[in-house]
Each structure stands twice: as structure tokens, then as C-alpha cells.
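The chain contents come next:
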Amino acid sequence: MVRALISMILLGAVLLAAPAEAQDRRAVGEPSLPAQVCATLSPSTASAEGRWPEETGRLQSAIDHCSSGGAVRLVADAKGGRFLSGPLTMKSGVTLWIDRGATLSAVPDPRAYDTGARLCGSIAAKGNGCLPFITFKGTTGGGIVGDGEIDGLGGAVMVGHDETWWQMARRADKEGGKQNNPRLIQADRARDLTFYRITLRNAANFHVMLSEVEGATFWGVKIDTPADARNTDGIDPAASQDITIAHSSIRTGDDNIAIKAGKGATRHVSILDDHFYWGHGLSIGSETNAGVSDILVRNVTLDGTTSGLRIKSDVSRGGLVTRVRYEDVCLRDNQKPIDFDTRYDASARGLSIPVYEAISLHDVTGADGRLILRGHDPDHRLTVQFDGVRFGQGATWQVENAELFAGAGGVSPTPPGLTLTPAAGPAPDCAGRWAPFPE
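Residues numbered from 1 in each chain as written. Predicted model: local features only at pLDDT ≥ 70, side-chain atom pairs only at ≥ 80, totals over all residues. Heavy atoms only, no water.

(A) Up close: the overall build of the chain. Looking only at helices and strands, the chain has 3 helices and 34 strands in total. Over its C-alpha trace the chain gives a radius of gyration of 22 Å, about what one expects of a compact globule, namely 22 Å for 439 residues. Dimensions of the chain along its principal axes, counting C-alpha atoms only, are 70 × 45 × 35 Å. For the chain, the proportion of its 439 residues judged to be buried stands at 59%. Summarising the internal contacts of the chain: among those between residues at least 6 apart in sequence, 76% fall at separations of at least 24. Carbon together with sulfur atoms contributes 49% to the accessible area of the chain, which is approximately 16900 Å² in total. Taken together, the 44 basic and 51 acidic charged side chains of the chain have centroids lying 3 Å from each other. (Helix = DSSP H or I, 4+ residues; strand = E, 2+ residues; numbered from the N terminus. Rg over C-alpha atoms; globule rule 2.2 N^0.38 Å. Buried < 20%, exposed > 50% of the residue type's maximum accessible area, 1.4 Å probe, protein only. Contact = heavy atoms within 4.5 Å. Areas by Shrake-Rupley, 256 points an atom, 1.4 Å probe, with all protein chains shown as cover. Lys, Arg positive; Asp, Glu negative; His and termini not counted. Charge placed at Lys NZ, Arg CZ, Asp CG, Glu CD.)

Dropping the structure here:
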């Protein structure tokens, strides 16, 4: 018998709302393409012939010699547009501009990403044995823009191996080890980054990982990777603040977005006007021990994700998740349209109790599926506020250790134990939002 501590409070037309600062504090608008170009490069014969160290050196030299405020522009020519490269390191204020028709491909050779431990391309006890393909470290300004592509070649057979990066990742899962695969883009202790109109495909591991980043804008970004590509998160802000992810489309083999807080708090994140397709959903966690707060999700569509709106943690890595506001959200074909669970790993041990409070859902529409609201215990209850929340009559609630509130729009179907059902309010018109992935 599911134990529930639930109360339903009608607040009239006004629901207790998350504060106005629950979002990116910057004034964020659509970026523009760079006005200054330091170098324009087309693919060399080294790329065509697989001599990736030469191409890597040429690209890295162009980045290193570009002045702050400028861009290195990659373009296609009559012979094609594929650049085959090893790891690249970005410079402060420098933008990598990849033109339509140009593709920057990550060489599928584990030796290129070796950190010195000779673990990249292997299964081991730890999974940090590879350099990222593109690194921003301690940089200010710059980013990656353009209508071209970055391809991680996660589905290509690794040099010197008989399996792909993704096949090795699936084998690691079966064998209980950690795959050592390179992330596509990693930003550490960086500031004011811009990712605009770029397409990211087929990462061997996470597509974009932000760690201790202050200020990053993703606008019009596409992330496209098969649904069975393990551990290929789309965008993961961790220990970061003032992040906007807007007008972007993401389908991938793991979390479409995962907001993490392992070694530092993540706060003031705006997720606006986005469309998610296959993947594990729009997630917070599982590392929340340093705290997640002030998150705004507005005008977002989740079409075919396994979980929809998700908060996940457990006692091994839990912390406070607060002031999270979901507005105007459409969900379809989700196994768990709402999945707020403090027991992500039921076997976890520890004293880091997850606490989710001040979570609000306004004008959220979904179909059938499991609706999970699971607080840790009666002393650490999950608190959620609903207003205009509608799911199909086949949707089922799993509620434990939760305190629920409702505004005039109410919630349907009614969670178990509620005796007061407010009048129905408006819900998002989702009919025009089921658009195919933009190819």
C-alpha cells in the first residue's frame, strides 16, 4: 500500500508561484554569427586520406592564432566538407564557425583521446579515461556556431577494435564496468559561451557537458543520436549557473537534458521553446547533493521520451531541489510523463537525503502513463503545486510522502486521497506541436 501524505488546497485564481528570478538572470536574445573571421578553412587532403593528426594540427593552429572576438570558419568546397580531427582545445573569445555542408568529425581512434592512462576505448572500473573531442577550459566568450555539423562517429568501428564506441558502452553495461568513451564537448570553469544553430550528432558519450560554467546560451541547436546509444546525454549543466537552452531540438540515447549538482550548485537555468524527441526526458539529477534551484521550463514539447519531466536522486547523492517551474508543456508517448522520484537507485546507501520542494506545474498536458511523485519519508516530503494540469484518463498516479496543492486550473485525473477538485482551467493546445524532428 503506497503511503501518501497529501493535502489539496484551492488558492483561487492564483497558485503559489516560484519567484520571478527562477530562470537565467541574463537578458538573453538570439545570438548572431561572428562579424570577424580570422581564418577560413576547407578540408585538406589529410582529412580525405585519414591523416587526422595533420588536420588536427592545422585546425588547432588556426584556433590558437585567432584573436579574441574572431572566428575560425570551416567551409565545404567542391571536393566535400568533411574535416577528420582529433581533440581540439578552444581559446578565450574564439568561435568555431562550421558552415552549412561542412562536418567536423571526431576520429574514432581511442589513442587520439588518451589521457596517459591508456584506458580510452576500454572497459574499466572508472570511466574517465578519455579527453573530450572539443574542450573549453577556463575560457571567456566564444563558442560554436553555424549551420554545419559536429559528428562524434559513435557508431563507427574504433581503430584497432572490432566494435563501435556505442557497442562497447552496451557491453560495459552488461559486464558491470565503465566504458571509456570521449565526450563530444566539455566546458570547465568557462564563462559566456554561445552555441548557435549547430548540429551535434552521434557522440560517443555525452554531447555537451558544462562544469562550473557561468553563462552559456544554446539557441537553435540540434542534437541527433540513435535512441539505443548508451550514455549519450544531450546537454548537461553541472555546478553551473545562468544557462539558457532555447529553440533547440534534441533526440538522443539518454537524458535529453540533465541538470546536475555534484560538486557545486546549479541554478538559474531557462529551458525555453524546445522540442525533445526520443531520449530519457528533461531531467534534474541524479547528482543533486550540492543543490539545484531556480529552474524555468516554458513552452517545451516532449514527444516520445521515456520519462517526461523528471527529477531523480537517491540517498547516495541527494540534496535540495527547489523553485522549479514548468509552464506550457506538452507531453506525448511517455512511459512516465511525470517522474519525480527520490529513490532513483533503490539499493543506494548514504545520508544525502533528496528533498524536492516548491515544484510547480502550470498548463501541462499529457496522455496516459505513470505519474510518479515519491518523496523520501514523512519528514522529507515532496511538495508540488498544480494549475491546469491534464493527463489522459488512463494515467495512473503513484504518490508517496507528498504534499500537493492546486490552483483554479486543478489537476486531472485527481491524485489518490484528494477530496477537492477545482474547476477545470485552460490547458496548452498541443495539436500543432507534434512536428517531426527538423532534418
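Now that the structure is up, let's keep going.
(B) Molecular detail of the pairing of strand S31 (residues 382-390). Among the 9 residues of S31, 9 are classified as buried, and the element is accordingly described as predominantly covered. As paired strands, S31 and strand S33 (residues 402-406) are joined by 5 bridges and run parallel to one another. Residue Leu-382 lies in a different strand from S33, and its bridge partner there is Ala-402. Here S31 pairs with strand S34 (residues 411-412) via 2 bridges, running parallel. Counterpart to Val-389 in the pairing with S34 is Val-411. (Pairing = 2+ DSSP bridges.)

(C) Highlighting helix H3 (residues 165-175). Burial in H3 covers these residues: Trp-165, Trp-166, Met-168, Ala-169 and Ala-172. All buried residues of H3 project into a common sector of 160° when viewed along the axis, lining one side. For H3, exposure combined with an orientation more than 90 degrees from the buried face picks out Lys-174 and Glu-175. On its buried side, H3 packs onto strand S7 (123-124) and strand S11 (178-179). Where H3 ends, the next residue or the one after it, Gly-176, has phi of about 80°, a positive value. (Arc of directions from axis to C-beta.)

(D) Just the side chain of Asn-181, in detail. Following the sequence through the fold, Asn-181 ends up in the loop between S11 and strand S12 (185-188). Separated by 3.1 Å, the side chain of Asn-181 and the backbone oxygen of Trp-165 make a polar contact. For Asn-181, the side chain forms a polar contact with the main-chain oxygen of Ala-204, separated by 3.1 Å. If we ignore the near neighbours within four places in the chain, the residues touching Asn-181 are Cys-130, Trp-165, Met-168, Ala-169, Ala-204 and Asn-205. (Polar contact = N/O pair within 3.5 Å; in protein donor to acceptor, adjacent residues only side chain to side chain.)

(E) Structural context of the pairing of strand S2 (residues 71-74). Sheet topology note: the strand S1 (residues 37-41)/S2 ladder contains 4 bridges and is parallel. Along S2, the bridge assignment pairs Leu-41 with Leu-74. Pairing analysis gives 4 bridges linking S2 to strand S5 (residues 95-98), with the strands arranged parallel. When the sheet's bridge partners are listed, Leu-74 is paired in S5 with Ile-98.

(F) Molecular detail of the packing of aromatic side chains. Counting across every chain of the model gives 6 aromatic pairs. Seen from their ring centres, Tyr-277 and Phe-437 are 5.3 Å apart, and the 70° between their planes marks the pair as edge-to-face. Remark: Phe-437 occurs in the segment after S34 and Tyr-277 occurs in the loop between strand S23 (275-276) and strand S24 (282-284); sequence separation between them is 160 residues. Accessibility expressed as a relative area gives 8% for Tyr-277, which makes it buried. Using a relative accessible area of 6% as the deciding quantity, one classes Phe-437 as buried. With 6.0 Å between their ring centres and 20° between their planes, Tyr-326 and Phe-340 make a pair best called stacked. Highlighted residues: Tyr-326 in strand S27 (residues 320-332) and Phe-340 in strand S28 (residues 336-341), separated in sequence by 14 residues. Each member of the pair, Tyr-326 together with Phe-340, is buried. In textbook terms, an aromatic cluster arises when at least three aromatic residues are bridged by ring pairs, as seen for Phe-136, Phe-195 and Phe-218. Note that Arg-73 overlies the ring of Trp-97, its terminal NZ or CZ placed 3.9 Å from the centroid. One cation-aromatic arrangement involves Arg-251 over Phe-437; the distance from NZ or CZ to the ring centre is 4.0 Å. (Phe/Tyr/Trp six-rings, centres within 6.5 Å; stacked < 30°, edge-to-face > 60°. Lys NZ or Arg CZ within 6 Å of the ring centre and 35° of its normal.)

(G) Representation of the confidence of the model for the chain within the structure. Per-residue confidence for the chain gives a mean pLDDT of 93; residues scoring 70 or more make up 93%. Across residues 1-20 the pLDDT falls below 50, and counting only partners more than four positions away or on other chains, this stretch makes 57 contacts in the model. (pLDDT = per-residue confidence, 0-100.)

(H) Layout of the state of the cysteines. With the rule as written, the count across this model stands at 3 disulfides. Disulfide partner of Cys-38: Cys-66, at an S-S distance of 2.0 Å. Between Cys-38 and Cys-66, the S-S dihedral sits near 70°, and the bridge is therefore right-handed. One end of the pair, Cys-38, is in strand S1; the other, Cys-66, is in the loop between helix H2 (52-64) and S2, and 28 residues separate them in sequence. In this model, Cys-120 is linked to Cys-130 through a disulfide, with the two sulfur atoms separated by 2.1 Å. Judged by the sign of its S-S torsion, about 105°, the bond between Cys-120 and Cys-130 is right-handed. Of the two residues, Cys-120 sits in the loop between strand S6 (103-106) and S7 while Cys-130 sits in the loop between S7 and strand S8 (134-137), which places them 10 residues apart along the sequence. The connectivity of the disulfide bonds within the chain can be written as 1-2, 3-4, 5-6, using the sequence rank of each bonded cysteine. (Disulfide = S-S within 2.5 Å.)

(I) The arrangement of the pattern of salt bridges in detail. Applying the stated criterion across every chain, the model contains 31 salt bridges. Here Arg-51 and Glu-54 are joined by a salt bridge, their closest N and O atoms 2.7 Å apart. Notably, a salt bridge pairs Lys-260 with Glu-287, separated by 3.5 Å at the nearest N-O pair. Linking Lys-260 in the loop between strand S21 (257-259) and strand S22 (266-272) with Glu-287 in the loop between S24 and strand S25 (292-303), this pair joins segments that are 27 residues apart in sequence. A relative accessible area of 11% places Lys-260 in the buried class. Under the relative-accessibility criterion, Glu-287 is labelled partly exposed at 28%. One network of salt bridges, with partners in common, ties together Glu-149, Arg-201, Asp-224, Arg-251 and Glu-439. (Salt bridge = Lys/Arg side-chain N within 4 Å of Asp/Glu carboxyl O.)

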